Amino acid sequence: MEYNSLFEPLFCILLSMCAGFLIGSIFTIIKTSKEHKALSTELDKFRALYFERLDKWKKKHTNNN
């Protein structure tokens, strides 16, 4: 294929790069949101365990008045 100008092939290259950037951004956002949800779940479990142990410690050491 011979072109008389460089506009058409450069436009195709630019268009494919933009499509790749858009698809990559979408998949990155999806993956990040899934990881954020998993980390939030783990943090909630840790907080529950921490406050449970803190309450046990408070009951043990504050009832000896």
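What comes next is a walk through the structure. (Residues numbered from 1 in each chain as written. Predicted model: local features only at pLDDT ≥ 70, side-chain atom pairs only at ≥ 80, totals over all residues. Heavy atoms only, no water.)

A word on the overall build of the protein chain
A count of helical and extended segments in the protein chain gives one helix and zero strands. Since a compact globule built from 65 residues should have a radius of gyration of about 11 Å, the 28 Å found for the protein chain marks it as more spread out than a globular shape. Projecting the C-alpha coordinates of the protein chain onto the three principal axes gives extents of approximately 95 × 15 × 10 Å. For the protein chain, the proportion of its 65 residues judged to be buried stands at 0%. Put simply, the protein chain shows about 6600 Å² of open surface, and 67% of that area lies on carbon and sulfur atoms. (Helix = DSSP H or I, 4+ residues; strand = E, 2+ residues; numbered from the N terminus. Rg over C-alpha atoms; globule rule 2.2 N^0.38 Å. Buried < 20%, exposed > 50% of the residue type's maximum accessible area, 1.4 Å probe, protein only. Areas by Shrake-Rupley, 256 points an atom, 1.4 Å probe, with all protein chains shown as cover.)

Overview of a nonpolar patch on the surface
Residues Leu 22, Ile 23, Ile 26, Phe 27 and Ile 30 make up a contiguous nonpolar surface patch of about 490 Å² in total accessible area. Tracing the backbone through its elements, the reader meets Ile 23 in helix 1 (residues 7-62). On the basis of relative accessible area, Ile 23 is assigned to the partly exposed category, the value being 48%. (Patch = residues over 30% accessible without salt bridge, like charges linked within 9 Å, V, L, I, M, F, W, Y side chains within 5 Å. Salt bridge = Lys/Arg side-chain N within 4 Å of Asp/Glu carboxyl O.)

Let's talk about the state of the cysteines
Evaluation of the coordinates by the stated rule reveals zero disulfides. Of the cysteine sulfurs around Cys 12, a residue in no disulfide, the closest is that of Cys 18, at 12 Å. (Disulfide = S-S within 2.5 Å.)

Let's talk about the pattern of salt bridges
Oppositely charged side chains can pair when the atoms bearing their charge come close. Tallied over the entire structure, the rule returns three salt bridges. Taking the shortest distance from any N to any O, the salt bridge between Glu 42 and Lys 45 comes out at 3.8 Å. Of this pair, Glu 42 and Lys 45 both sit in helix 1, three residues apart, which is roughly one turn of that helix. Arg 47 is paired through a salt bridge with Asp 44; the nearest N and O atoms lie 3.8 Å apart.

Notes on the environment of Phe 7
Its place among the elements puts Phe 7 in helix 1. Along the primary structure Phe 7 and Ile 30 are separated by 23 residues, whereas in three dimensions their C-alpha atoms are 34 Å apart.

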